[in-house]
Each structure stands twice: as C-alpha cells, then as structure tokens.
Amino acid sequence: MSVCVAVVGATGAVGEIMRQVLVEHDFPFSTIKFLASERSAGKAIDFKGKRYTIEPIRPEAFAGVQVVLSSTPASVSRETSPMAAKAGAIVVDNSSAWRMDPDVPLVVPEVNPDVLKKIPKGIVANPNCSTIQMVVALKPLHDLARIKRVVVSTYQASSGKGAKGVYELDAQITAIGKGDKVPPVTAHAAQLAGNVLPHDWKLGEDGYSEEEIKMIKETKKIMGDDTIQVSPTTARVPVRTGHSEAINLEFVNPITPEQARAALRKAPGVIVLDDYAKGEVPLALTCVGRDETFVGRIRRDPTVPHGLNLWVVSDNLRKGAATNAVQIAEVLVARGWLPKK
C-alpha cells in the first residue's frame, strides 16, 4: 500500500530527520509534500532525488493527504493538526499539545501499537523524547514482573532544545577553548558547556519541571497502568545528541538481572550492551544515528525485595522524535488503519 504523505515543520531539526528516516525506512509513499511556516514557504528542498517547493501550512494543502507527520511548536500544532485531521488525514503530532488528551492515542510502537485502532480526533500523539526511550526498556520488564515504582534521572542532550541549543553549546565550547568570553545564554537556562543544568525546562507543579511531569503522566498513559509510580529528575548535560537515563525499578514480582537481560534481548527496538568488564555499555555516542534503545548496567537493587537498576540511552532526535513518528505511520500502513484515498 502506498500513501499520500505530508511533512509539517519540514525545515526544522526534527522535520529534517523525519525526511531522512522516511528515505532510510523506504516508507511507501505515492505522493509527498513538505509544509512549513510562511517564513520557510517557497524554499526548495531535495528529497529522494527530486526537488520540492515548501508549501505554507493551510487547509487546502492537506487535500488528499492520508498521513501527516508534524513537528511544530505546541501553539502551532493546536491549530494545524485539527486542520489536517478535518481534511481527512491521520496526523502523527510530535508536539506536547495532544499527549494527554483522552481522545488522542499516545503511542510508542514497541509498547502500545494496538491503541491505534481507535483515533477519534484523527490525531496521534508522539510522546516526549525522554519518555519514549524509557518505556521501550520498561515494557518487557513490566510484562515479566509488573513494575511498581520507577525512579529515573535523565542526562539529556543539548539538541533537545533544537538546533539553537546545539549551536549555543558549540559556541560556548569554542569560546572556552580559545580563552574567549562565553557568549550570552539564549537557548538554555544557563551556560551548558562544562556544566549540568537541572532547571532547563519550564517550572511545573510542586517544584517539578514540565519535563518531569511529562515523564510521570506519559508513562502511565503509554503503559496503560495508572498504578506505576514515577519519580523523575531531569537534567541537561553538555552532549550534542543522545539522552541517557539512570533508571531504578521496583517490581511487584521477583525478577533477576539474568531474566531482565533475556527479556530485553527479545524485545523489539532494544539492544542490550551489558558487559561492564569489557566496556560494553550504552553511550550517548553509541546511539547517534540509530533507531534502537540501548540498555545496559543491568543489576540488582539490594535495597528492595524486587529491584533493578538500568542505564538506558537513545538518540533523542531519532527514536525520541522523528523515528518514532515514522514508525507510528508504518504501523498504520501495515495494518490498513489509514483513511482510503
């Protein structure tokens, strides 16, 4: 089955990688168009050997489109995604605007693809980057021994702030290397080079950042289990790409590190790198350009009856955003759940 596709926010950091992933995955499109803001409309981009003109986002642009891959700010998405859905498309939305809407599926294909059977608003939400990689690792373990509690600390890359975050980090590193004055901070909450920022997101409720609140709420929704308790601390580190997470898990039922490794090795989208003595552990540099979630440092937590510690790493721009969106579209195509032309 070949489908009519539109990529919204095609010139942004995630939109650019969406285009790349569509090519790498040989996504079965019959027609494709690229949309962006008025500022980018009219520019040309190359895709699979052809040149395309970027169109402005407007209702008529979605005529005949079956699936939309959208990566825009939430404020834009609240207007444009319903516009595309009204035209008859299924929208895979990468913003935070729709994630907790009860009528919008929040999907990680390795975890809960069956919820795509019902898409009441014509919109599917792509989860937050830090949540996606975590639940890919949690799902096989939850199936095995039922997770009671998650304590997670994240070490998130500068590119989580988009291209502007990476440019700022690079400029700071260059300035420090030359002995020059570090440029004023505009993208991150403070200087990131040589630093760790535990406050690089908007403040939410009860002293938690909005990023931490997303991890709490999204994990429960994706896993389909409100009993899972999640206690997160998010931090930004001076890494360009690749989010790392230290995850402590408490289970209802017994589970050993050996059982966890076996389950994770069989799990879709997971690569186990867990030989500390040989230096085989997940690293941010290991995951760059990869679609898988890497899991290692699997060991028992001796402080609780049934506990494990994990180290989980993934490319935040690919699996944490663009790849997950394309994979959702692939499920819709494979199962025949897209609207007909």
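Described below are features of the structure shown in this document. Since the model is a prediction, treat every value here as computed from it, not as a measurement.

Reading the values: rules and limits
- Residues numbered from 1 in each chain as written.
- Predicted model: local features only at pLDDT ≥ 70, side-chain atom pairs only at ≥ 80, totals over all residues.
- Heavy atoms only, no water.
- Helix = DSSP H or I, 4+ residues; strand = E, 2+ residues; numbered from the N terminus.
- Rg over C-alpha atoms; globule rule 2.2 N^0.38 Å.
- Buried < 20%, exposed > 50% of the residue type's maximum accessible area, 1.4 Å probe, protein only.
- Contact = heavy atoms within 4.5 Å.
- Areas by Shrake-Rupley, 256 points an atom, 1.4 Å probe, with all protein chains shown as cover.
- Lys, Arg positive; Asp, Glu negative; His and termini not counted.
- Charge placed at Lys NZ, Arg CZ, Asp CG, Glu CD.
- Salt bridge = Lys/Arg side-chain N within 4 Å of Asp/Glu carboxyl O.
- Arc of directions from axis to C-beta.
- Pairing = 2+ DSSP bridges.
- Axes fitted to C-alpha atoms, helices over the stretch in contact; angles between N-to-C directions.

1. Quick notes on the overall build of the chain
Link 1 in the chain: On a plain count of helices and strands, the chain comes out with eight helices and 14 strands.
Link 2 in the chain: The C-alpha atoms of the chain give a radius of gyration of 20 Å, which matches the 20 Å a tight globule of 341 residues would have.
Link 3 in the chain: Seen through its C-alpha atoms, the chain measures out along the principal axes to roughly 60 × 55 × 40 Å.
Link 4 in the chain: The buried share of the chain, taken over its 341 residues, is 53%.
Link 5 in the chain: Look at the contacts in the chain between residues 6 or more apart in sequence, and 67% of them connect residues 24 or more apart.
Link 6 in the chain: Accessible surface, the chain: about 15000 Å² in total, of which carbon and sulfur atoms supply 52%.
Link 7 in the chain: Both charge centroids of the chain, one from 42 positive and one from 37 negative side chains, sit 2 Å from each other.

2. Describing the pattern of salt bridges
Close approach of charged atoms allows side chains of opposite charge to pair.
Link 1 in the chain: Inspection of the entire model under this criterion finds 17 salt bridges.
Link 2 in the chain: A salt bridge links D46 to R51; its shortest N-O distance comes to 2.8 Å. By the burial criterion, D46 is exposed, and R51 matches it.
Link 3 in the chain: The shortest N-O distance in the salt bridge between E110 and K319 comes to 2.8 Å. You can see E110 sitting in the loop between β7 (90-93) and β8 (123-125) and its partner K319 sitting in helix α8 (residues 318-334), a full 209 residues away along the chain.
Link 4 in the chain: Classification of E110 by relative accessible area gives buried; the value is 17%.
Link 5 in the chain: Using a relative accessible area of 0% as the deciding quantity, one classes K319 as buried.

3. Brief notes about helix α6 (residues 257-266)
Link 1 in the chain: For α6, the full list of buried residues reads P257, A260, R261, A263 and L264. The buried side chains of α6 occupy one side of the element, clustering within an arc of 165 degrees when seen end-on. The exposed residues of α6 that point more than 90 degrees off its buried face are E258, R265 and K266.
Link 2 in the chain: Looking at the buried side of α6, the elements it contacts are α3 (129-145), β12 (270-272), β13 (293-300) and β14 (307-314).

4. What about the sheet that holds strand β5 (residues 55-56)?
Link 1 in the chain: Taken in spatial order, the six strands make up an open sheet running β5-β2-β1-β6-β7-β8, and their pairing is parallel. Each end of this open sheet is capped by a strand with a single partner; those strands are β5 and β8.
Link 2 in the chain: Relative to the sheet, helix α1 (residues 13-24) contacts β1 (3-8), β2 (29-36) and β6 (67-70), its axis offset from that of β6 by approximately 135 degrees.
Link 3 in the chain: Strands in contact with α8 are β1, β6, β7 and β8; relative to β6, the strand with the most contacts, it is inclined by about 170 degrees.

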